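Notes for the structure review
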There are 2 protein chains.
Amino acid sequence: MNYSTQYIAQQLKKSRENMGLSQRELSARAGVPQSHISKIESGNVDLRLSSLVAIARALELELALIPRKYVSAVNSIVGSAGSETSGQPPRPAYNLDGEE
Amino acid sequence: MNYSTQYIAQQLKKSRENMGLSQRELSARAGVPQSHISKIESGNVDLRLSSLVAIARALELELALIPRKYVSAVNSIVGSAGSETSGQPPRPAYNLDGEE
DNA sequence: TTAATTGATATGTCATAACGCATCAAAATG
DNA sequence: CATTTTGATGCGTTATGACATATCAATTAA
């Protein structure tokens, strides 16, 4: 599994955790078995686009193809946040980020 | 095939065309058979992440997961451009867009 | 301590992506 | 016109994603 794909997997995991969801909860929302989510997050599965999109949507994420030259600009917008859109419990919140 | 995936397929096709590449040329760059690229662009294949990334890279595109709330901001940056990064021939250029 | 939750793994089945290779009609090029 | 290029299809094979289901160790309540 190459870099980009590994990275995507990491992002999914981080987003899920930031939303305070368990793999089983995400499983229910995305319609993808928990066992599969586990494999995906651990990065040893070359998942299909449909699965990626299903999981992303459940995490309030959109998949996008960004022209290389705009990547840094996009990053500066999205910033380090990993979508804390709607936590279930209020959740700590002190993102004194060392992460991401 | 759902909306998002269809849309991704369209983006890949547009980007390829904007770069003035034939499916066979892209095939060579991305290491994906032309026959498969054709299927992908026509949107009737649920391609794997590795394939998507390989093709995207060959088109100078990066795959990204954008938090919903930043999507419009990102769109306003990326704009309607489909990566005209480096055309082989100068190529028309008059994007008096009705497209995209 | 006991009971629930969580993430990771295993097995077996099925669907299908991905491959190589070949072909073909239409469009572009000479 | 003849030739080349292009995108789309088809076929047989192989690899593997995705599924259901179950289990298990470790963590986190109760």
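Structural data are supplied above this passage.
This structure is a prediction, so every number in the text was calculated from the model and none was measured.

Right, let's talk about the protein's contact with DNA strand D for a bit. Taken together, 21 residues form the shell around DNA strand D, and within it Pro33, His36, Asp46 and Ser51 of chain A together with Gln23 of chain B come nearest. Here the atoms of DNA strand D within 4 Å of the protein split so that 67% fall in sugar or phosphate, with bases taking the remainder. Within the backbone of Arg48 of chain A, one N or O atom sits 3.0 Å away from a phosphate oxygen of DNA strand D. Interatomic distance of 2.9 Å between a side-chain N/O atom of Arg16 of chain B and a phosphate oxygen of DNA strand D. Secondary-structure elements contributing two or more residues to the surface near DNA strand D are α3 (34-41) of chain A together with α1 (3-18), α2 (23-30) and α3 (34-41) of chain B.

If you look at the interface, chain A gives 35 residues, while chain B gives 34 residues. A buried area of about 3,600 Å², summed over both sides, lies between chain A and chain B, and 64% of it is on carbon and sulfur atoms. Taken as a group, Leu49, Leu65 and Arg68 of chain A account for 22% of the area that chain A buries against chain B, more than any other trio of residues on that side. The interface formed by chain A and chain B includes 4 salt bridges. Its salt-bridge partner being Glu62 of chain A, residue Arg68 of chain B comes within 3.0 Å of it at the nearest N-O pair. The interface formed by chain A and chain B contains 15 residue pairs in polar contact (both at pLDDT 80 or more). For the side of chain A that touches chain B, the secondary-structure elements that each account for two or more residues are α1 (3-18), α4 (49-58), β1 (61-67) and α5 (71-78) of chain A. Take the side of chain A that touches chain B: its biggest share by element is 7 residues, from β1 of chain A. For the side of chain A that touches chain B, the per-class residue count stands at 20 nonpolar, 7 polar and 8 charged. Sheet topology note: the β1 of chain A/strand β1 (residues 61-67) of chain B ladder contains 7 bridges and is antiparallel. When the sheet's bridge partners are listed, Leu63 of chain A is paired in β1 of chain B with Leu65 of chain B.

Next up on the list: the relation of the copies chain A and chain B. Here two copies of a chain appear, and what relates them is a rotation about an axis with a shift along it. Of the transformation placing chain A onto chain B, the axial shift is 0.0 Å and the rotation is 180°, giving an RMSD of 0.1 Å. Accordingly, the operation relating the two chain copies is best matched by a two-fold axis. Ranked by how close their C-alpha atoms come to the rotation axis, the residues of chain A are headed by Arg48 of chain A, at 2.0 Å. When the interface residues of chain A are mapped onto chain B, 97% of them are again interface residues, pointing to one common binding face.

So, on to the packing of α4 of chain A against α1 of chain B. At a minimum axis separation of 9 Å, α4 of chain A and α1 of chain B run at an interaxial angle of 120°. Considered as vectors, α4 of chain A and α1 of chain B are oriented oblique to each other. Relative to α1 of chain B, the crossing made by α4 of chain A is right-handed. Across from Leu49, Ser50, Val53 and Arg57 of chain A in α4 of chain A, the residues of α1 of chain B making contact are Ser4, Thr5 and Ile8 of chain B. In the contact of α4 of chain A with α1 of chain B, the residues fall into 3 nonpolar, 3 polar and 1 charged.

So, on to the pattern of salt bridges. Inspection of every chain in the model, using the stated rule, returns 8 salt bridges over all chains. Across the pair Arg16 of chain A and Glu41 of chain A runs a salt bridge whose closest N-O atoms are separated by 2.6 Å. Here Arg16 of chain A is found in helix α1, whereas its partner Glu41 of chain A is found in helix α3, with 25 residues between them in sequence. A single network of salt bridges, built from pairs that share partners, joins Arg57, Glu60 and Glu62 of chain A together with Arg68 of chain B.

Residues and elements named next belong to chain A. Although it is not a glycine, Glu60 adopts a positive phi angle of roughly 60°. Secondary-structure assignment places Glu60 in the loop between α4 and β1. Among the residues examined, Glu60 registers a relative accessible area of 24% and is labelled partly exposed.

Procedures and definitions
- Numbers given to residues run from 1 along each chain, matching the order in which its sequence is written.
- Both sets of labels track the order of writing: A upward for chains, 1 upward for ligands.
- pLDDT decides what is reported in this predicted model: residues at 70 or higher carry local features, side-chain atom pairs at 80 or more are listed and counted, and totals for whole chains, interfaces and linings draw on all residues regardless.
- Side-chain numbers come from the whole structure's heavy atoms, not from hydrogens or water.
- For this purpose, a residue is taken to be near a molecule or strand whenever a single non-hydrogen atom of the residue falls within 4 Å of it.
- N or O atoms within 3.5 Å of each other form a polar contact, as long as, within protein, one can give a hydrogen and the other can take it, and as long as residues adjacent in sequence are counted only when both atoms are side-chain atoms.
- Secondary structure counts use DSSP, requiring at least four H or I residues in a row for a helix and at least two E residues in a row for a strand, with both numbered from the N terminus.
- Throughout, a residue-residue contact means that at least one pair of heavy atoms, one from each residue, lies within 4.5 Å.
- What gets called buried area is simply the loss in accessible area from a 1.4 Å probe that two parts show on being joined, summed for both.
- Should a side-chain nitrogen of Lys or Arg be within 4 Å of a carboxyl oxygen of Asp or Glu, the pair is scored as a salt bridge.
- For this classification, the nonpolar set comprises Ala, Val, Leu, Ile, Met, Phe, Trp, Tyr, Cys and Pro, the charged set comprises Asp, Glu, Lys and Arg, and every other residue, Gly included, is treated as polar.
- Between any two strands, at least two bridges found by DSSP are needed for them to pair.
- Only residues with pLDDT of at least 70 in both copies contribute their C-alpha atoms to the least-squares superposition of the copies.
- In this analysis an axis means a line fitted to C-alpha atoms, helices contributing only their contacting stretch, and an angle means the value between N-to-C directions, from 0 to 180 degrees.
- Oblique is the label for every angle not falling under 35 degrees (roughly parallel), over 145 degrees (roughly antiparallel), or within 65 to 115 degrees (roughly perpendicular).
- A clockwise turn of the near helix away from the far one marks a right-handed crossing, whereas an anticlockwise turn of less than a right angle marks a left-handed crossing.
- To sort residues, take the accessible area from a 1.4 Å probe on protein chains only and compare it with the maximum for the residue type: under 20% means buried, over 50% means exposed, and anything in between is partly exposed.

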